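The primary structure of each chain is shown beneath.
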Amino acid sequence: MASIVSPPQKTVDIQQNKMISIKELAESGGLTSVPSEYTFASNPNDQADQNDPDHSMPTIDFSLIMSTSPDQRSKILHDLRKACEEWGFFMVINHGVPESLMKNMIEVCQGFFNLPEEEKKVYQTRNLLDPIKCGTSFNVEIDKVLLWRDFLKVISHPQFHSLPKPEGYSEVSLEFSKRIREVATELLRAISETLELEADYIEKSMNWDQGLQILAANYYPACPDPENAIGIPPHTDHGLLTILIQNDMGGLQVQHKGKWVNWNAIPNSLVVNLGDHMQILTNDKYKSVWHRAVVNNKAPRISIAVPHGPSLETVVVPAPELVEKQGQPPAYKGISYHDFLDLQQSAKCYMKSCLDAIRL
Ligand code: OGA
Ligand code: NI
């Protein structure tokens, strides 16, 4: 009986560095299906319901957080508490980060991904905390399925790092990282207040002055069969909070009340989500929410996620003040942020929340 022989697919040999990027693979032409290394079978029950009407995703008006009117402030703190409790994800509008700066940031990141593979390769590294890292997937040493995304991660705080190429990256990313960090600082103050703690409680206990900030750009090429690949599988973010911007190709999905929801961001809003260290600090009052990035078959998507965390040496424990108020024992053992990041990269946490590894 004759068997059907399909034409050989291009494959990826990361170990031998023959191909580093999904961008190169996807944009080389001729790819009509998802190569087997990238085939990600998602559970049909886990599809986001495209037809769900507006889920009333929370929107926080940043100008009200900065307001001196006690009425406005107490209303916005109420909304923020609700957003943190019910979603762990919210959109921030009137944040003051110029639209042009957000666009330029996306453009310079696009410029980086457009560089020849040879020039990007010098930033390939296995060391988690190298200041500049680029690569594909998540951690190719442990990933069982490769992700349909390339990334560039640059540490921008406590030390600012940059790249000589593409032109403009340095200036734009410096300004962007500062402006985003200012928003993050104000949000943390407000979040402290929603917990009935002093406004600077989180800053002080997390050694925010030396806190980690990473500019993590994701590049998701168009995919011939988006149902069978994944940009980033379900995960929670490390750190206290992540602020994300993106181009106009949606793809972020958030788990809410057990269902996956398409995050339909208001253009030019900042997407904010709480991270694992917020969950530890609040002893589970505010959750680090599961989310994922799906891909599309139309055009490349770029997002820039900016996680903000404590200083690397900070040992994060549930805040004693909250534990006392809740009348419940601490849910987590203390672990330094640095050790937590190592844990997150390990096979032990593959497709799982690291929080389970430190739960008491
Ligand atoms: C991330 C992330 C989602 C997106 O980088 O951690 O969740 O929409 N990104 O790109
Ligand atoms: Ni994330």
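Residues numbered from 1 in each chain as written. Chains lettered and ligands numbered in written order. Predicted model: local features only at pLDDT ≥ 70, side-chain atom pairs only at ≥ 80, totals over all residues. Heavy atoms only, no water.

As recorded by an unreviewed UniProt entry, the protein carries the name 2-oxoglutarate-dependent dioxygenase 19 and is attributed to Ziziphus jujuba. The annotation that UniProt attaches to the protein under Sequence similarities (unreviewed entry) is "Belongs to the iron/ascorbate-dependent oxidoreductase family." (UniProt positions renumbered as here; feature names shortened; annotations may be inferred.)

Okay, the packing of helix 4 (residues 99-114) against helix 6 (residues 169-194) next. Each pair of packed helices can be described by the angle between their axes along with the distance between the axes. Where helix 4 contacts helix 6, the two axes come as close as 9 Å, and the packing angle between them is 130°. With respect to each other, helix 4 and helix 6 are oriented oblique. Helix 6 is crossed by helix 4, and the crossing has left-handed handedness. Of helix 6, the residues touching helix 4 (which contributes L101, M102, N104, M105, V108 and C109) are Y169, V172, S173, E175, F176 and R179. Broken down by class, the residue content of the contact of helix 4 with helix 6 amounts to 8 nonpolar, 2 polar and 2 charged. (Axes fitted to C-alpha atoms, helices over the stretch in contact; angles between N-to-C directions. Helix = DSSP H or I, 4+ residues; strand = E, 2+ residues; numbered from the N terminus. Parallel < 35°, antiparallel > 145°, perpendicular 65-115°, else oblique. Left-handed = near helix turned anticlockwise from the far one by under 90°. Contact = heavy atoms within 4.5 Å. Nonpolar A, V, L, I, M, F, W, Y, C, P; charged D, E, K, R; others polar.)

Evaluation of the coordinates by the stated rule reveals 0 disulfides. As a non-bridged cysteine, C134 has C109 as the owner of its nearest cysteine sulfur, 12 Å distant. A relative accessible area of 5% places C134 in the buried class. (Disulfide = S-S within 2.5 Å. Buried < 20%, exposed > 50% of the residue type's maximum accessible area, 1.4 Å probe, protein only.)

With that out of the way, let us pick up the packing of aromatic side chains. Tallying each qualifying case throughout the model produces 6 aromatic pairs. Geometrically, the ring pair formed by W87 and W263 is edge-to-face, given 5.9 Å between the ring centres and 75° between the ring planes. Separated by 176 residues along the polypeptide, W87 in the loop between helix 3 (70-86) and strand 2 (89-93) and W263 in the loop between strand 9 (259-262) and strand 10 (270-274) bring together distant segments of the chain. Overall, the relative accessible area of 6% leaves W87 in the buried class. When the centroid spacing of 5.7 Å and the interplanar angle of 75° are considered together, the rings of F112 and F113 count as edge-to-face. The exposure classification of F112 matches that of F113, with both residues buried. Here a set of aromatic residues connected by ring pairs shows up, and it is made of F112, F113, Y123 and Y219. When the ring centre of W208 is taken as origin, the NZ or CZ atom of R181, which lies over that ring, is 4.2 Å away. Its guanidinium or amino end placed over the ring of W260, R292 lies 4.1 Å from that ring's centre, counting from NZ or CZ. (Phe/Tyr/Trp six-rings, centres within 6.5 Å; stacked < 30°, edge-to-face > 60°. Lys NZ or Arg CZ within 6 Å of the ring centre and 35° of its normal.)

Taken together, H235 (NE2), D237 (OD) and H291 (NE2) make up the full set of protein donors to the nickel ion (ligand 2), lying 2.1 Å away. Within one chain, the residues serving as donors to the nickel ion (ligand 2) are arranged as H-x1-D-x53-H. Remark: H291 occurs in strand 11 (residues 291-293) and H235 occurs in strand 6 (residues 232-235); sequence separation between them is 56 residues. (Donors = N, O, S within 2.8 Å, 3.2 Å for Na, K, Ca; no water.)

Every residue close to ligand 1 is listed here: N218, Y220, I232, H235, D237, L244, L252, H291, A293, R301, S303 and A305. Between H235 and ligand 1, the recorded distance is 3.0 Å, taken from a side-chain N or O atom to an oxygen atom. Here an oxygen atom of ligand 1 sits 3.3 Å away from a polar atom, N or O, in the side chain of D237. Burial of ligand 1 by the protein amounts to 91% of the accessible area it has alone, namely 290 Å². Those elements giving two or more residues to the shell around ligand 1 turn out to be strand 5 (213-220), strand 6, strand 11 and strand 12 (301-308). Considering every element that reaches the shell around ligand 1, the biggest residue donor is strand 12, with 3 residues. (Near = heavy atom within 4 Å. Polar contact = N/O pair within 3.5 Å; in protein donor to acceptor, adjacent residues only side chain to side chain. Areas by Shrake-Rupley, 256 points an atom, 1.4 Å probe, with all protein chains shown as cover.)

All right, on to the nonpolar core then. If you look at soluble globular proteins, the nonpolar side chains tend to sit buried side by side. Counting residues in hydrophobic clusters, the biggest one holds 71 residues, and the most contacted among them are M105, L152, F176, I191 and I304. The element best represented in this core is helix 6, accounting for 10 residues. Discounting chain neighbours no more than four positions away, the residues touching F176 are L101, M102, M105, L215, I245, I304 and V306. Counting 15 residues, the second-largest nonpolar core is a separate cluster that includes Y38, W148, A229 and I232. (Core = buried A, V, L, I, M, F, W, Y, C linked by side-chain atoms within 4.5 Å.)

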